[in-house]
Each structure stands twice: as structure tokens, then as C-alpha cells.
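Each chain, letter by letter, is given below.
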Amino acid sequence: MRGKSIKVMLADSQPLCLHGLKSIIETQDNIKVIAQASNHEEIISFGVSSNADVLIIDPQQRNYNGFDSIRIIRERGFSGKVILLMSDISCEVYQQASKVRVDGYLLKTASPDKLIRSINEVYKGKNYTDDDFTRILSETVECKITDMAEGEKVEQLSQREYEILRLVASGKNNKMIASQLFISEKTVKNHLTQIFKKIEVSDRVQATLFAIKHNIK
């Protein structure tokens, strides 16, 4: 007996992009696209009425601000997960994203496998961040501004935690970090839990941004 399908809503101003995403997603038996929006008004309407489990949205559109759209549908009762699907990334864009509660970050250059994985992961309540997204963010010059008011948070980190944070900011995933430091992935996850708590962030992207600001590289 088939389990419950994951209901997905797509939002992008480019019809070809919407068609391509739908074609990829619907190769999966457990995922169904139930709504497609190409402008702000449709996002608000479908976001409130469709009862989607996951919204995949490109917030960087000429005819609407996707972050405003996300904020409004959340205020009106949308309780699903949100994945940002973007052509590029900057610290300014990420900082806007951090204000509207986003569950996943994916670049449009990502593989179909990553798209499917991101949907399944956020649906399970996990965060998903494309490794390329983290790497590009870490290379963004505008991010490299040190916030001295948060310097004490860096001092709280142990030598091992500092090293793991440095590797996260370089774009390495848990498996790669574990291999480089000769520890288990579980140990890496435990360290990350403590690191996130000490520097007061909730995901790898925020941790990367923190590391960049404090020149941890």
C-alpha cells in the first residue's frame, strides 16, 4: 500500500523553470506537484488554499519579492516547509531568508537528485543545504565583515569545535569532516550541536556566515 504523497507547490516567474521542476519531481511516486505560481498574487492564493507540505520558491524575481510572499503566507496560516531555489546567493539575500524561516537552500545548478533529496529531507523535519550553496556563500566578499560584538562566542569554542566550524565554512559535509579529522560522523554531529548552541545559530548556512564574519578559515 502506497504511503502518503508529499504535496509540493512551485513558485517561479519563468514557465520553463516551472515545467522542468514539475517534470523532475513527478518522476517520484511519493511526491506530487499540486500548485504552480508565477507571481506574488498566485503565491498568496495557492499558498493559503493548497495545503502544500513543501513550497519550492525562487525569491529573486523581477515582478515580486519572494521573501515578502513567504512572510505573508506564513502569517496567513501556511505551515509547510520552504525550500529556496536560487540562481545565485549573496549575504544580503541569505540575511533576508533568515528572517522568514527557511528549511532548505538549493541552487538552480543542483542535480535532480539533490532536488528530490531536499524535498524528502525537509518534509521529515530536517534542514537541507546544498554544499555548493555553502561554498559560494563562503567565497562572497561582502560577507567578510567582522562583528566584534560577537567575538566572545568564538572564544567559547574548543579547539576541535573551531576546527569543525572552519571545515563547515569551507563547504565540507559531515562525512568529509569526519574523514579529515579521523572521527565518526556521529561525533561530528554532536560537535555541531554544541557549536550551533554556542554561536547561537540554527543551521550550517548561518554557521558558515558566522565563520566568515569572524575570519574563521
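One can find the structure itself at the top, above this paragraph.
Everything numeric in this text was worked out from a predicted model, so none of it was measured.

What counts as what
- Residues numbered from 1 in each chain as written.
- Predicted model: local features only at pLDDT ≥ 70, side-chain atom pairs only at ≥ 80, totals over all residues.
- Heavy atoms only, no water.
- Axes fitted to C-alpha atoms, helices over the stretch in contact; angles between N-to-C directions.
- Helix = DSSP H or I, 4+ residues; strand = E, 2+ residues; numbered from the N terminus.
- Parallel < 35°, antiparallel > 145°, perpendicular 65-115°, else oblique.
- Contact = heavy atoms within 4.5 Å.
- Buried < 20%, exposed > 50% of the residue type's maximum accessible area, 1.4 Å probe, protein only.
- Pairing = 2+ DSSP bridges.
- Right-handed = clockwise from strand over helix to strand, strands pointing away.
- Phe/Tyr/Trp six-rings, centres within 6.5 Å; stacked < 30°, edge-to-face > 60°.

Chemist: Describe in detail the packing of helix H1 (residues 15-25) against helix H5 (residues 112-123), supporting the description with residues and values.
Modeler: Direction vectors running N to C along H1 and H5 enclose 75°, while the axes themselves pass 10 Å from each other. The orientation of H1 relative to H5 falls into the category roughly perpendicular. Contacts between H1 and H5 pair Leu21, Ile24 and Ile25 from the former with Pro112, Leu115, Ile116 and Ile119 from the latter.

Chemist: Hey, could you go over the pairing of strand S1 (residues 6-11) for me, with residue numbers and the actual values?
Modeler: Extensive coverage of S1 is indicated by the burial of 5 of its 6 residues. By the bridge criterion, 6 bridges tie S1 to strand S2 (residues 31-37) in an arrangement that is parallel. Residue isoleucine 6 lies in a different strand from S2, and its bridge partner there is isoleucine 31. At this point the chain moves from S1, through H1, to the parallel S2, and the crossover so formed is right-handed. Pairing of S1 with strand S3 (residues 54-57), which is carried by 4 bridges, proceeds in the parallel orientation. Within S3, the residue paired with methionine 9 across the bridge is leucine 55.

Chemist: An account of the packing of aromatic side chains is requested, with residue identities and associated values reported.
Modeler: Considering all chains together, one arrives at 1 aromatic pair under this definition. A centroid spacing of 4.9 Å and a plane angle of 40° characterise the contact between tyrosine 105 and phenylalanine 133, whose relative ring orientation is tilted. With tyrosine 105 in strand S5 (residues 104-107) and phenylalanine 133 in helix H6 (residues 131-138), this pair connects stretches of sequence that are 28 residues apart. We classify phenylalanine 133 as buried; its relative accessible area is 0%.

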